[in-house]
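# Topology and contacts: notes
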Amino acid sequence: MKKIALVLLVLACVSCEKPAEKRWEKFYGYTNADITGQYTNSYISDAFEDISESGYCTICDDADINIIANQGNTVSFCFKSVKGNLEKTLTGVPTLNNDDYLMQLYSSKTFLSSLKFYSFKLFSRVYHDKDQMVRLHGYVSKDFYVIENNNGFSDTIIDYSDVYYFDVIK
């Protein structure tokens, strides 16, 4: 009987524990003023836990990002990583609606031949904490495409992508 009472007491104590406080919340409705500035490595230990480096995937823990507000609603997203051997600036409107917490920007196409081209893409989640720090977690990819012509129809197919992951805080 004492063992059952002890087990029930332990279960009661465990079930009364408060869940760990979540620091980073999705930043819905961020503005350009919220995201502009200089970002560096977040040093969050589990930021890249689901990502494995390969020939096409680089974890850029040295990423240096600067977001500059331009005229209108556009920003310039300047990405630099020595480890990834990439320095690229993407310009555009970072979000499509005020209820979003995602940032997406695209470059124009650069043709390698009449049937091959590449373009860059930025995809990032925008987070903030109670101290008004802003965190970006995402990637810049260089996507290579091939245009195939079959029976009078052309189809654009992604050939491969080089992906550069980052997790940074301002």
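Residues numbered from 1 in each chain as written. Predicted model: local features only at pLDDT ≥ 70, side-chain atom pairs only at ≥ 80, totals over all residues. Heavy atoms only, no water.

## Digging into unusual backbone geometry
Residues other than glycine seldom take positive phi values, yet Tyr-43 does so here, at roughly 55°. Among the structural elements, Tyr-43 can be located in the loop between β2 (37–41) and β3 (57–59). Assessed through its relative accessible area of 71%, Tyr-43 is described here as exposed. Of note in this structure, Gln-132 is not a glycine but carries a positive phi near 65°. Structurally, the position occupied by Gln-132 is in the loop between β9 (116–128) and β10 (134–150). (Helix = DSSP H or I, 4+ residues; strand = E, 2+ residues; numbered from the N terminus. Buried < 20%, exposed > 50% of the residue type's maximum accessible area, 1.4 Å probe, protein only.)

## What about the pairing of β2?
Judged from the three bridges that link them, β2 and strand β4 (residues 64–69) form a sheet pairing that is antiparallel. Its bridge partner lying in β4, Gly-37 is registered against Ile-67. As judged from the two bridges shared by β2 and strand β11 (residues 153–169), these two strands associate in the antiparallel manner. The residue bridging Thr-40 from the neighbouring strand is Ile-169, located in β11. (Pairing = 2+ DSSP bridges.)

## Observations regarding the pairing of β9
Sheet topology places strand β1 (residues 25–26) next to β9; two bridges connect them, and they run antiparallel. Counted as the bridge partner of Lys-26 is Tyr-127 from β9. As paired strands, strand β7 (residues 102–106) and β9 are joined by five bridges and run antiparallel to one another. Bridging across to β9, Leu-102 finds its partner in Arg-125. The antiparallel pairing of strand β8 (residues 110–113) with β9 creates a hairpin that spans two residues between the two strands.

## With respect to the packing of aromatic side chains
Geometrically, a pair of aromatic rings is defined through the distance of the ring centres and the angle of the planes. Counted by the stated rule, this structure contains 12 aromatic pairs. Seen from their ring centres, Phe-77 and Phe-166 are 6.0 Å apart, and the 40° between their planes marks the pair as tilted. Of this pair, Phe-77 sits in strand β5 (residues 75–81) while Phe-166 sits in strand β11, placing them 89 residues apart in sequence. Aromatic side chains Tyr-118 and Phe-144 sit 5.7 Å apart centroid to centroid with 45° between the ring planes, which places their arrangement in the tilted category. With Tyr-118 in strand β9 and Phe-144 in strand β10, this residue pair connects regions lying 26 residues apart in the sequence. Accessibility assignment for this pair places Tyr-118 and Phe-144 in one class, buried. Clustering of aromatic rings is evident, with ring pairs tying together Tyr-56, Tyr-118, Phe-120, Phe-144 and Tyr-160. For Lys-109, the ring lying beneath its charged end belongs to Phe-117, and the centroid distance is 5.0 Å. Note that Lys-142 overlies the ring of Tyr-118, its terminal NZ or CZ placed 4.4 Å from the centroid. (Phe/Tyr/Trp six-rings, centres within 6.5 Å; stacked < 30°, edge-to-face > 60°. Lys NZ or Arg CZ within 6 Å of the ring centre and 35° of its normal.)

## Concerning the layout of surface pockets
In this model, the largest pocket occupies a volume close to 210 Å³. Around the largest pocket, the lining is made up of 13 residues, and of these Ala-47, Asp-50, Ile-51, Arg-125 and His-137 lie nearest the centre. Those elements that provide at least two residues to the lining of the largest pocket are β9 and β10. In terms of residue count, β10 provides more of the lining of the largest pocket than any other element does, four residues in total. (1 Å grid on protein atoms, 1.4 Å probe; cavity = no way out; pocket = protein on both sides within 12 Å on 5 of 7 lines; lining within 4 Å. Points joined across faces, edges and corners; volume = space filled by probe spheres on them.)

That's the geometry; what it means functionally is another story.
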